[in-house]
Amino acid sequence: MTSALSCCGCLGLFFIAYKFIHDIVPWLYMNIIGPKFLGPKVDVRCMGGWAVITGATDGIGKAYAKALAKKGFNLVLISRSLSKLEAVANEFTESFSVEVKIIDIDFTDNVEIYDKIKKGIAGLDIGVLVNNVGISYPHPEYFIDRYEQDPKFLVDIVAANINSLTHMTALILPTMVNRKKGVIINVSSTAGVIPSPLVTLYSSSKAFVDKFSSDIQSEYRSKGIIVQCVQPGLVATKMSKIRRTSFLIPSPDTYVAASLGMLGYCVQTAAYWPHSVQQSLAKLAIDLICEPFIASLFLKQLLNIRKRALRSSQQNK
Ligand SMILES: NC(=O)c1ccc[n+]([C@@H]2O[C@H](COP(=O)([O-])OP(=O)(O)OC[C@H]3O[C@@H](n4cnc5c(N)ncnc54)[C@H](OP(=O)(O)O)[C@@H]3O)[C@@H](O)[C@H]2O)c1
């Protein structure tokens, strides 16, 4: 009995030591020690004169545009609404004395939009591409119900979350490869890496962003290209419908500062360290318990959010 207990104790200690060396030490280096004490591994300013940002008039995209303008980049802002683009362009031209080009397109329109983008960015020395644009569910919903409410949604979410990323990369990567330098930041989501029922199409599109990023990085690392795929948890933006920031829900500016501070440390990252802890805990729970059980807990939580959203839309009718 005693020897069985001490055997279990040894195994437990071995497991903790293994986790510490295998997971926790690299996690601490990539999330806290490296970015905070050693700084970014990549000097983004050496990459070129222009930064292109999709979904640039609000939230996380606007924060990337602002942070890159502060670093001296001229900007190409791509979004849907012309008046918002003009307002943001004026704001940044005045505040940061940089050149700003705007391209108004809707990423859910057909592929001809990429001809307009190609013309708009021709000849520019692009050092940074931020594939940020994305759309999500109005509220968590069963797949069939979402489809019946809005059949076009299936096409739109793939166009905005997946096609935009692949087409923009195809347009800009060749010139980066020719110049042997460039940074591509792809905005995924924690939803892409943990169970996310009731937003299935959104989370799956974000899993695509993740996989695309890691494989394209392997293909082009030796050509001087750096890819970062960020997987935010909740950030206070229009999409999350959260206004008030907190320790777990940063502002877009705080989130983007964390992302740029971690450039070059790893391809996939939650970037903001409290999000990284949340994500690691969810993954640990899946490892230690089992995925279907954890997924059922998430389903319960998302069903509650769905119920509240349906109730409030009934009341607003
Ligand atoms: N906020 C979060 O909690 C969170 C969490 C994880 C991941 N993310 C990801 O972060 C990215 C940015 O999200 P956000 O929260 O910053 O969103 P947001 O505040 O709603 O901003 C979205 C931006 O994208 C533009 N946009 C939306 N649909 C478009 C379309 N069809 N064509 C062209 N432009 C379009 C909007 O421009 P207009 O206003 O002109 O339409 C706006 O500039 C998304 O990929 C999202 O999935 C966000």
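Note that the coordinates shown come from a computational prediction; the quantities given were computed from them, not determined experimentally. Throughout, residues of each chain are indexed from 1 in the direction in which the sequence is written. Totals for whole chains, interfaces and linings use every residue, but because this is a predicted model, local features are given only for residues with pLDDT of at least 70 and side-chain atom pairs only at 80 or more, for both listing and counting. Heavy atoms throughout the structure, all of them, feed into the side-chain values; hydrogens and water do not.

Concerning the packing of helix H6 (residues 153-179) against helix H7 (residues 200-220)
Consideration 1: Packing of H6 against H7 leaves a shortest axis separation of 10 Å and a crossing angle of 15°. Accordingly, the angle class assigned to the pair H6 and H7 is roughly parallel. When you trace H6 past H7, the crossing you get is right-handed. Contact residues: Phe153, Leu154, Ile157, Asn161, Ile162, Leu165, Thr166, Thr169, Leu173 and Val177 in H6; Leu201, Tyr202, Ser205, Lys206, Phe208, Val209, Phe212, Ile216 and Tyr220 in H7.
Consideration 2: Put simply, Ala, Val, Leu, Ile, Met, Phe, Trp, Tyr, Cys and Pro go in the nonpolar bin, Asp, Glu, Lys and Arg in the charged bin, and everything else, Gly too, in the polar bin. Looking at the contact of H6 with H7, its residues break down into 14 nonpolar, four polar and one charged. To obtain each axis, a line is fitted to C-alpha atoms, and for helices this fit is confined to the stretch in contact; angles are then taken between N-to-C directions over 0 to 180 degrees. The way it works is that DSSP assigns letters per residue, a run of H or I at least four long becomes a helix, a run of E at least two long becomes a strand, and they are numbered from the N terminus. To sort the angles, those under 35 degrees are grouped as roughly parallel, those over 145 as roughly antiparallel, those from 65 to 115 as roughly perpendicular, and the leftovers as oblique. Crossings are classed by handedness, with left-handed meaning an anticlockwise turn of the near helix from the far one by less than a right angle and right-handed meaning a clockwise turn. Only heavy atoms matter for contacts: two residues are in contact if any of them lie within 4.5 Å across the pair.

Section: the sheet that holds strand S1 (residues 50-54)
Consideration 1: The criterion for strand pairing is that DSSP finds at least two bridges linking the strands in question. Strand order across the open sheet formed by seven strands is S3-S2-S1-S4-S5-S6-S7, with parallel pairing between neighbours. Of all strands in the sheet, those bounded by a partner on one side alone are strand S3 (100-104) and strand S7 (268-269).
Consideration 2: Relative to strand S5 (residues 182-187), strand S4 (residues 126-131) runs parallel, the two being bridged by four bridges. Residue Asn131 lies in a different strand from S5, and its bridge partner there is Asn186.
Consideration 3: Of the strands in this sheet, strand S2 (74-79) and S3 touch helix H3 (residues 82-96), which is tilted by about 170° from S3.

Description of the side chain of Gln231
Consideration 1: Mapping Gln231 onto the fold places it in the loop between strand S6 (225-230) and helix H8 (252-261).
Consideration 2: Relative accessible area decides the class of each residue, using a 1.4 Å probe on protein chains only: under 20% of the type maximum gives buried, over 50% gives exposed, and in between gives partly exposed. Assessed through its relative accessible area of 4%, Gln231 is described here as buried.
Consideration 3: We define a polar contact as two N or O atoms separated by no more than 3.5 Å, with the added condition that, inside protein, one atom must be a possible hydrogen donor and the other a possible acceptor, whereas residues neighbouring each other in sequence contribute only through side-chain atom pairs. In this structure the side chain of Gln231 is engaged in a polar contact, spanning 3.0 Å, whose partner is the side chain of Asp210.
Consideration 4: A polar atom in the side chain of Gln231 sits 3.2 Å from the side chain of Gln279.
Consideration 5: Among all residues touching Gln231, those that are not within four sequence positions of it are Ser188, Ser189, Thr190, Val193, Asp210, Tyr255, Gln268, Thr269, Ala270 and Gln279.

Topic: unusual backbone geometry
Consideration 1: A positive phi angle, close to 50°, is found at Ser97, a residue other than glycine.
Consideration 2: Here Ser97 shows up in the loop between H3 and S3.
Consideration 3: Unlike most non-glycine residues, Ala271 shows phi in positive territory, near 75°.
Consideration 4: Along the chain, Ala271 falls in the loop between S7 and helix H9 (273-288).
Consideration 5: We classify Ala271 as buried; its relative accessible area is 4%.

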